[in-house]
Amino acid sequence: MASVKTKLAVGLFVVAGFTMVIFAVIWLGMSNYLEKGKFYVAYFDESVQGLDRDSPVKYRGVSIGKVYSIGVAPDANLIEVMLKIETGLKLDKSIVAQLKAVGNTGIMFVELEKKRSGDILVAPDRTFESNYPVIDTRPSEIKKIMGAVNDILLEFKNMDVSGVLESLRSMLAKLEQTLDEAQLKMLSREMQIAIRDIRNAMDPEEWNSTLDSVETAADNID
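A quick note: this is a predicted structure, and the numbers were derived from the prediction, not measured.

A. View of the overall build of the protein. In terms of helices and strands, the protein carries five helices and seven strands. Tracing the protein from N to C terminus, the helices and strands come up as α-β-β-β-β-β-β-β-α-α-α-α. Within the protein, the fraction of its 222 residues that count as buried is 27%. In the protein, 59% of the contacts between residues at least 6 apart in sequence involve partners at least 24 apart. Of the roughly 15,100 Å² of accessible surface on the protein, 60% is carried by carbon and sulfur atoms.

So this is what it looks like as structure tokens:
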């Protein structure tokens, strides 16, 4: 009889132990979801380097939540950032998200604010559905700067640089000849030196080399 009671007690103890373990696992896994807050998701078409889980989410500088998770979107193109808003603020379609840096530290956070007239928004077409409300995004300042640099370089590439420089060199040569003919001794000598320096700087090969250096520097920054 005692043996049966012992086996029953051991069995109940084992069952109770397993039950507590399972309950603990479920509780730890669901604890974040049971916390106060509402989830939103934003999709960024740029690098989110410097943004981490638990990075602040701010509304006009006021902290209202945190980054809950970061991952690649199902289309393997966009970056999916899930936001957990821990205040009673409800985000609607008038809100836009943007990546911002904390000074020069390289650390990023998500800034939320009202959309402005003329905003360049990134609301890419998605081939997948989201389980959470989607917030539109605005390109970060870094992306805007790099886009402007690339546009300038593209304009330079499309210009007939060699033709423009050759015309300028020809004009400078005529000006130098005119000074010689006028026999302006001291003045012409100084101006001739300055003109020759400018004309040498207008050499197409030198100019193209300079453009290549600028483009390489822009790529390194990017």
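B. Structural context of unusual backbone geometry. Unusually for a residue other than glycine, Asp54 sits at a positive phi of about 75 degrees. Unlike most non-glycine residues, Arg60 shows phi in positive territory, near 55 degrees. Note on placement: Arg60 falls in the loop between strand S2 (56-59) and strand S3 (62-72).

C. Region of the structure containing the nonpolar core. In terms of nonpolar packing, the biggest core is built from 21 residues, with Leu51, Val57, Leu83, Ile85, Val110 and Leu112 touching the most fellow members. Broken down by secondary-structure element, the contributors of at least two residues to this core are strand S1 (38-44), S2, S3, strand S4 (79-85), strand S5 (95-101) and strand S6 (108-114). For this core, the element with the most residues is S4, which contributes four residues. Once you skip the residues sitting within four places of it in the chain, Leu112 turns out to touch Val57, Lys58, Tyr59, Arg60, Ile64, Leu83, Ile85, Leu91, Ile95, Val96 and Ala97. Core analysis: the next-biggest nonpolar cluster, separate from the first, contains five residues, Tyr43, Ala73, Leu78 and Phe128 among them.

D. Quick look at the sheet that holds S4. Strands sit in the order S1-S4-S3-S2-S6-S5-S7 around a closed barrel of seven strands; the barrel is mixed. Strand after strand, the sheet turns through a mean of 35 degrees between neighbouring axes, direction not considered. Examined bridge by bridge, S5 and S6 share seven bridges and lie antiparallel to one another. Bridge pairing links Ala101 to Met108 in S6.

E. Summary view of the pattern of salt bridges. Under the defined criterion, the tally for this structure stands at four salt bridges. The residue Glu86 makes a salt bridge to Lys66 at a minimum N-O spacing of 3.9 Å. Taken as a pair, Glu86 in the loop between S4 and S5 and Lys66 in strand S3 lie far apart in primary sequence, 20 residues in all. The class for Glu86 is partly exposed, based on a relative accessible area of 33%. The class of Lys66 is partly exposed, set by a relative accessible area of 23%. Salt bridges sharing common partners tie together Asp54, Lys66 and Glu86.

F. The arrangement of the pairing of S2 in detail. Going residue by residue along S2, you find Val57 and Tyr59 tucked away on one face and Pro56 and Lys58 left uncovered on the opposite face. Bridging between S2 and S3 involves four bridges; their strand directions are antiparallel. Across the sheet, residue Val57 finds its bridge partner in S3, namely Gly65. Here S2 folds back onto S3 in antiparallel fashion, the turn holding two residues, of which Arg60 has a positive phi close to 55 degrees. Across three bridges, the pairing between S2 and S6 is parallel. Opposite Lys58, over in S6, you have Glu111 as the bridge partner.

About the thresholds
Residues numbered from 1 in each chain as written. Predicted model: local features only at pLDDT ≥ 70, side-chain atom pairs only at ≥ 80, totals over all residues. Heavy atoms only, no water. Helix = DSSP H or I, 4+ residues; strand = E, 2+ residues; numbered from the N terminus. Buried < 20%, exposed > 50% of the residue type's maximum accessible area, 1.4 Å probe, protein only. Contact = heavy atoms within 4.5 Å. Areas by Shrake-Rupley, 256 points an atom, 1.4 Å probe, with all protein chains shown as cover. Core = buried A, V, L, I, M, F, W, Y, C linked by side-chain atoms within 4.5 Å. Pairing = 2+ DSSP bridges. Axes fitted to C-alpha atoms, helices over the stretch in contact; angles between N-to-C directions. Salt bridge = Lys/Arg side-chain N within 4 Å of Asp/Glu carboxyl O.

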